[in-house]
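# Commentary on secondary and tertiary structure
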Amino acid sequence: ERYILSINKWTAVKNEIQKNLNETVELDPKNSLVIMMKSGARSNMSNFVQLAGMRGLMANNVKALKVDAENERVVRSIVEVPVKSSFLEGLTSFEFYSSTHGARKGLTDTALNTAKSGYLTRRLVDVAQNIVVTQNDCFSDFGFVVKQIIDTKTNTTIVPLAERIEGRFLNKDVVSPDGEVLAQTGYFINAHLAKKIVDSGVTAV
């Protein structure tokens, strides 16, 4: 459908601008804005694209219903006409009006999600408050594989493997690529062991 193709095209355009802006940013690593962005303390590259590139596609205040999903209807949750200006250039009156839909939706969602997460926490506490742990080992064989978390878009590591496995107990032996058993089942992984596992070349525990 034309709507979907249009959205995809503008998304690709914004990604291209982001790529170009990224290259420009690398030229001046001591710039205060660049330092702020790279530190991860506040904001990320997408915010700077809005500042210096283009604001891009705006969210529309349309709710996607279950019926729409079942019937594979296209819900126009994104305004088809993008905001081509950046904050540096300044927005036209139409672009400003177009971006207000997304702003209102963002505020509404934040308010609703806060209430939802609070209610979920309360329910979790209600369910788990009667559980009493009486032994160190429950002898369960249930476990799951832990890997590092990677951002596939930028190919950067969000949470490294060492950080994810530290403080856990092993469900199976950890064997290095050259066949050495680094830790046995039931071992508690401390910071030292976590580093040793990662340094050996193991990618999943």
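Here the residue numbering is sequential within each chain, running from 1 through the sequence in written order. Confidence filtering applies because this is a predicted model: local features only for residues at pLDDT of at least 70, side-chain atom pairs given and counted only at 80 or more, and all residues used for totals across whole chains, interfaces and linings. Only hydrogens and water are set aside; all other atoms, that is, all heavy atoms of the structure, feed into the side-chain values.

Scanning the protein chain for helices and strands turns up 7 helices and 4 strands. Helix numbering and strand numbering both begin at the N terminus, where a helix is a DSSP run of H or I of at least 4 residues and a strand a DSSP run of E of at least 2. Helices and strands in the protein chain line up, N terminus first, as α-α-α-α-α-β-β-α-β-β-α. For a compact globule the rule gives 2.2 Å times the number of residues to the power 0.38, and the radius of gyration it is set against comes from C-alpha atoms. Computed over its C-alpha atoms, the radius of gyration of the protein chain comes to 24 Å, more than 25% above the 17 Å expected for a compact globule of 205 residues. C-alpha atoms of the protein chain, sized along the principal axes, occupy 65 × 50 × 35 Å. Only protein chains enter the accessibility calculation, which uses a 1.4 Å probe; a residue whose area is less than 20% of its type maximum is buried, one above 50% is exposed, and one in between is partly exposed. Classification of the 205 residues of the protein chain by burial places 20% in the buried group. Contact criterion: two residues are considered in contact whenever any of their non-hydrogen atoms come within 4.5 Å of each other. Long-range pairs, those at least 24 residues apart, make up 52% of the contacts in the protein chain between residues at least 6 apart in sequence.

Turning our attention to the nonpolar core. Residues Val-146, Leu-161, Ile-165, Leu-170, Val-174, Leu-182, Ala-183, Ile-189, Leu-193, Ala-194, Ile-197 and Val-202 constitute the largest nonpolar core, which totals 12 residues. Elements represented by at least two residues in this core include exactly helix 6 (161-165), strand 4 (181-183) and helix 7 (191-199). The residues contacting Leu-182, other than those within four sequence positions of it, are Val-174, Ser-176, Leu-193, Lys-196, Ile-197, Ser-200 and Val-202. Counting residues in hydrophobic clusters, the runner-up holds 7 residues, among them Val-34, Met-37, Met-45 and Phe-48. For the purposes of this section, nonpolar cores are sets of buried Ala, Val, Leu, Ile, Met, Phe, Trp, Tyr and Cys residues that join through side-chain atoms within 4.5 Å.

As annotated by UniProt and renumbered to match this structure, "domain: RNA polymerase Rpb1" (unreviewed entry) occupies residues 10-87 and 90-152. Secondary structure across residues 90-152 comprises 57% helix and 5% strand; the distance between its end C-alpha atoms is 32 Å. UniProt positions are given in the numbering used here, feature names are shortened, and annotations may be inferred rather than shown by experiment.

A word on the domain arrangement of the protein chain. Each domain's extent is set by a domain assignment, obtained either automatically or from a database. On domain assignment, one finds that the protein chain holds domain 1 (1-106) and domain 2 (149-200). The distance between the C-alpha centroids of domain 1 and domain 2 comes to 36 Å.

Helix length check: helix 1 (residues 2-26), at 25 residues, gives a terminal C-alpha distance of 36 Å against a target of 36 Å (1.5 Å per residue), a fit within 8%. By the burial criterion, the buried members of helix 1 are Tyr-3, Ser-6, Ile-7, Lys-14, Leu-21 and Val-25. On its buried side, helix 1 packs onto helix 2 (32-39) and helix 3 (45-52). By this rule, a helix spans an expected 1.5 Å times one less than how many residues it contains.

Turning our eyes to something else, we now look at the packing of helix 1 against helix 3. For every element, the axis is a line fit to its C-alpha atoms; helices are fit only across the contacting stretch, and the angle between N-to-C directions ranges from 0 to 180 degrees. Two elements in contact, helix 1 and helix 3, have axes separated by 10 Å at closest approach and are oriented at 95°. One way to sum up the angle between helix 1 and helix 3 is to call them roughly perpendicular. In this structure, helix 1 uses Lys-14, Ile-17, Gln-18, Leu-21, Asn-22 and Val-25 to contact helix 3, whose residues at the interface are Met-45, Phe-48, Val-49, Gln-50 and Ala-52. Geometric relationships in this document are graded by angle, where less than 35 degrees denotes roughly parallel, more than 145 denotes roughly antiparallel, 65 to 115 denotes roughly perpendicular, and other angles denote oblique.

Turning our eyes to something else, we now look at the pattern of salt bridges. Salt bridges are identified by distance alone: a Lys or Arg side-chain nitrogen within 4 Å of an Asp or Glu carboxyl oxygen. Scanning all chains against the criterion turns up 3 salt bridges. One salt bridge connects Arg-2 with Glu-80, and the closest N-O pair in it is separated by 2.7 Å. On the criterion of sequence distance, the pair formed by Arg-2 in helix 1 and Glu-80 in the loop between helix 4 (66-70) and helix 5 (93-128) is long-range, its members being 78 residues apart. The exposed category is assigned to Arg-2, whose relative accessible area is 59%.

A few words now on the side chain of Arg-55. As for its position among the elements, Arg-55 is in the loop between helix 3 and helix 4. Among buried Asp, Glu, Lys and Arg side chains, Arg-55 stands out as unpaired, with Glu-95 the closest opposite charge at 8.8 Å. At 3.1 Å, the side chain of Arg-55 and the side chain of Gln-50 are in polar contact. When neighbours within four sequence positions are excluded, Arg-55 is seen to be in contact with Lys-14, Gln-50, Val-83, Ser-85, Ser-86, Phe-87, Leu-91 and Ser-99. By the counting scheme adopted, Arg and Lys are positive, Glu and Asp are negative, and His together with the chain ends is not counted. Pairs of N or O atoms are called polar contacts if they sit within 3.5 Å, as long as, within protein, a hydrogen donor faces a hydrogen acceptor (for residues adjacent in sequence, only side-chain-to-side-chain pairs).

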